[in-house]
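Summary of the model geometry
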Amino acid sequence: MAVRAVRGATQLEEDTREHMLDRVAELVTDVMEANGLEVDDFISIIFTATSDLVSEFPAYAARQLGFSDVPLVCARELEIEGSMPRVVRLMAHVETDLPRSEITHAYLHGAANLRRDLTRTTSHD
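What comes next is a walk through the structure. Keep in mind that this is a model prediction, so the values were computed, not measured. (Residues numbered from 1 in each chain as written. Predicted model: local features only at pLDDT ≥ 70, side-chain atom pairs only at ≥ 80, totals over all residues. Heavy atoms only, no water.)

A word on the pattern of salt bridges. Evaluated as defined, the whole model comprises 3 salt bridges. Of the charged contacts, one joins Glu-13 and Arg-23 as a salt bridge, the two residues approaching to 3.6 Å between their closest N and O atoms. Pair noted here: Glu-13 is in the loop between strand S1 (2-11) and helix H1 (17-35) and Arg-23 is in helix H1, with a separation of 10 residues, a long-range link. With a relative accessible area of 11%, Arg-23 lands in the buried category. Of the charged contacts in the structure, one is a salt bridge between Arg-89 and Glu-77, with a shortest N-O distance of 3.7 Å. Taken together, the residues span a long stretch of sequence, with Arg-89 in strand S4 (residues 87-96) and Glu-77 in the loop between strand S3 (72-76) and S4 at a distance of 12 residues. (Salt bridge = Lys/Arg side-chain N within 4 Å of Asp/Glu carboxyl O. Helix = DSSP H or I, 4+ residues; strand = E, 2+ residues; numbered from the N terminus. Buried < 20%, exposed > 50% of the residue type's maximum accessible area, 1.4 Å probe, protein only.)

Attention now moves to the pairing of S3. Relative to S3, strand S2 (residues 42-49) runs parallel, the two sharing 5 bridges. Its bridge partner being in S3, Ile-45 is matched across the sheet by Leu-72. Crossover handedness for the path S2 to helix H2 (residues 58-64) to S3: right-handed. (Pairing = 2+ DSSP bridges. Right-handed = clockwise from strand over helix to strand, strands pointing away.)

This next bit is on H1. At 3.6 residues per turn, the α-helix brings residues three or four places apart onto the same side. When the terminal C-alpha atoms of H1 are compared, their 27 Å separation across 19 residues agrees well with the 27 Å that a helix rising 1.5 Å per residue should span. Three or more residues of H1 are buried, namely His-19, Met-20, Leu-21, Arg-23, Val-24, Ala-25, Leu-27, Val-28, Asp-30, Val-31, Met-32 and Asn-35. Among the residues trailing H1, Gly-36 stands out with phi positive, at a value near 65 degrees. (Expected span 1.5 Å × (residues − 1).)

This is how it looks when you write it as structure tokens:
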């Protein structure tokens, strides 16, 4: 079994607590389904959010999905001029038998435009 990193991001329409929890839960679930992962496969998850998102911690959505024993951390995304607003990103470290080339990253909603260069992605617009 190898340790792999899985990336993903989602864009919110608005900064409300319920919308944050829904979009982040969707992102985490999509990463799990696309890579055949269970909660026990996760070593840790780092979430970042753009500075215009203040309604809730993204990690709380993962806690609600059963990630009670997985180390989670939230951080602020860099404020780069012209960057996409209202984005939550994640980088999950997981144990999996998948080779690196078979890992599927998840870029949902408007965030799908962030990584059109990846060949193995799921996206929701």
